Amino acid sequence: MSWAFLRDLLSGVNKYSTGIGRIWVAVVFMFRLLVYVAAAENIWKHEHDEFECNIKQPGCENVCFDHFFPVSHIRLWALQLIMVSTPSLLVVFHVAYRETREKHNQKLYKNPGKIDGGLLCTYLISLILKTGLEIVFLVLFYKLYDGFKIPHLVKCDIKPCPSTVDCYISKPTEKRIFLYFLVATSCLCIVLNLGELSYLIFKYSIKCHLKRHVKKQQ
Amino acid sequence: MDWGALHTILGGVNKHSTSIGKIWLTVLFIFRIMILVVAAEKVWGDEQDDFVCNTLQPGCRNVCYDHFFPISHIRLWALQLIFVSTPALLVAMHVAYRRHEKKRQFRKGDQKCEFKDMEEIRKQRFRIEGSLWWTYTSSIFFRLIFEAVFMYAFYFMYDGFRMPRLMKCNAWPCPNTVDCFVSRPTEKTVFTIFMIAVSSICILLNVAELCYLLTKFFLRRSKRAGNSKQQPNHENKEETKQNEMNELISDSCQNTVIGFSS
């Protein structure tokens with residue numbers, strides 16, 4: 001079980017997406033998943049070992065690290081990637097449900113993968129969920145780490161540290177750069193999701209309006 | 001999920017690239033991505049652990065390392081490779097869109113559609129002309145820009161491409177100017193120069209491909225202008241068919257040589 005599973009899941013979703021949806025999948029693959037696996041993971045690999053406090057008191061480093069990093073950035077990033085990709089499963093399930101119905105009865109849908117009717121609602125819900133989860137994680141990052149900041153020095157005075165000790169974080173600049181990258185790609189994905197949402201709502205409301213107009217004329 | 005997935009994605013684009021584009025892709029995968037994964041990552045693997053400063057002051061090493069390496073070489077290269085590979089996705093999306101349109105035509109039973117079945121549409125290789133030419137050319141242009149930007153960023157951040165053995169650091173909390181020693185500086189310099197050299201080769205290939213596409217475009221245009229003044233189309237159709245066949249033959253030969261199948 002690895003990120004390849006997520007990759008295969010997203011490839012499956014790609015089939016039933018709009019054009020903007022496919023751009024979203026490409027952005028998630030290239031700029032989030034690949035950057036995470038190829039670069040970011042290694043920066044945070046030894047973060048605990050390289051976290052150093054100016055004191056010999058045993059336990060002080062552990063306690064301070066735990067206080068300043070309740071959940072590591074890299075774990076939050078991974079959770080965000082997983083959560084944000086999961087709502088697309090709703091669409092896949094709905095299409096599978098449609099295809100199962102067609103197997104048992106006669107042909108019900110012109111094309112089970114076409115986004116209309118119930119599938120449109122499912123698609124819109126998945127978009128709203130994706131956007132919501134992105135925003136939740138960004139807010140979580142902001143609240144936990146005081147605005148996407150990674151200082152090079154933190155002052156810690158939790159027991160068993162005997163007084164206020166200086167603790168040094170490893171590679172703070174590199175971590176900050178990648179954190180900004182994460183935020184930027186998150187915002188890009190939010191914009192793409194909102195764009196897709198507006199496009200679908202606009203498209204289908206025009207379609208509905210035209211249908212009603214045609215019916216009235218008849 | 002790793003560089004192999006990128007290979008799968010870009011391998012699909014390979015079919016619709018020019019010959020220079022195919023060479024570029026080979027250089028990218030063999031001399032950059034593979035070298036990065038197989039060798040360079042190991043050289044930089046212990047970079048912070050073996051970065052040693054001549055002081056016992058806790059925190060001094062961390063701060064000095066962060067000061068001299070705001071972003072590690074290996075991460076910069078990984079980002080460069082990702083950004084440089086991304087424009088090819090534009091071409092992949094355009095080709096997928098064209099294929100989708102052809103499938104729609106085929107399903108409607110359009111008389112103009114010259115394909116016998118869906119398999120043929122799926123396997124078809126699109127020529128680089130019309131709107132696909134513009135997409136392809138912009139993707140090469142963006143590739144060039146990204147390569148140049150990253151090369152410059154590298155040069156600017158590390159003040160050249162050499163890795164010094166010794167760095168003098170006096171950032172707080174270091175008590176005074178301390179000597180800090182980088183691990184494996186010569187090996188890192190060798191790999192840095194290698195990656196820069198291959199980057200430059202890729203830039204040259206992209207420039208050559210851009211010139212080739214522009215030349216082809218202007219030649220085609222002048223030919224069309226010349227032909228429209230003379231006789232029309234049936235002679236051209238035979239000529240273009242022969243050209244297409246020649247191109248397909250030469251490209252399939254190259255495919256066998258380079259080993260990319262998609």
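Residues numbered from 1 in each chain as written. Chains lettered and ligands numbered in written order. Predicted model: local features only at pLDDT ≥ 70, side-chain atom pairs only at ≥ 80, totals over all residues. Heavy atoms only, no water.

Chain B carries the name Gap junction protein in an unreviewed UniProt entry, which gives Hylia prasina as its organism. Word for word, the UniProt comment on chain B under Function (unreviewed entry) is "One gap junction consists of a cluster of closely packed pairs of transmembrane channels, the connexons, through which materials of low MW diffuse from one cell to a neighboring cell." Recorded in UniProt for chain B, the comment headed Sequence similarities (unreviewed entry) runs: "Belongs to the connexin family." (UniProt positions renumbered as here; feature names shortened; annotations may be inferred.)

For chain A, the name recorded in an unreviewed UniProt entry is Gap junction protein, with Hylia prasina as its organism. The record held by UniProt for chain A lists under Subunit (unreviewed entry) the comment "A connexon is composed of a hexamer of connexins."

Draft legend 1. Up close: the overall build of chain B. Scanning chain B from N- to C-terminus turns up 9 helices and 3 strands. Along chain B, helices (α) and strands (β) appear in the sequence α-α-β-α-α-α-α-α-β-β-α-α when read from the amino end. Expressed as a percentage of its 262 residues, the buried residues of chain B come to 45%. Pairs at least 24 apart in sequence give 76% of the contacts found in chain B among residues at least 6 apart. Only carbon and sulfur atoms are counted for the fraction: they give 62% of the accessible area of chain B, which is about 14,400 Å². (Helix = DSSP H or I, 4+ residues; strand = E, 2+ residues; numbered from the N terminus. Buried < 20%, exposed > 50% of the residue type's maximum accessible area, 1.4 Å probe, protein only. Contact = heavy atoms within 4.5 Å. Areas by Shrake-Rupley, 256 points an atom, 1.4 Å probe, with all protein chains shown as cover.)

Draft legend 2. Geometry of the UniProt feature "transmembrane region" (unreviewed entry) in chain B. Residues and elements named next belong to chain B. Following the UniProt record, one finds the feature "transmembrane region" (unreviewed entry) at residues 23–40, 77–97, 132–158 and 191–214. Its end C-alpha atoms 39 Å apart, residues 132–158 is made of 100% helix and 0% strand. Taken end to end, residues 191–214 comprises 100% helix and 0% strand; its first and last C-alpha atoms sit 35 Å apart.

Draft legend 3. Here's a closer look at the confidence of the model for chain B. All names here are of chain B. Averaged over every residue, the pLDDT of chain B is 80; the share at 70 or more is 81%. Considering only residues more than four positions removed or in separate chains, one finds that residues 249–262, a stretch of pLDDT under 50, has 16 contacts. Both confidence scores are given for the complex: pTM 0.78, ipTM 0.73. (pLDDT = per-residue confidence, 0-100.)

Draft legend 4. How the structure looks around the nonpolar core. Within the largest apolar cluster, 118 residues are counted, with the highest numbers of intra-cluster contacts made by F51, W77 and F178 of chain A together with W3, L36, F51 and F69 of chain B. With 17 residues, the top contributor of residues to this core is helix 2 (residues 19–43) of chain A. Not counting chain neighbours up to four residues away, the residues in contact with F69 of chain B comprise F51, Y158, M163, M167 and V182 of chain B. Counting residues in hydrophobic clusters, the runner-up holds 12 residues, among them L119, L120, L197 and Y204 of chain A. (Core = buried A, V, L, I, M, F, W, Y, C linked by side-chain atoms within 4.5 Å.)

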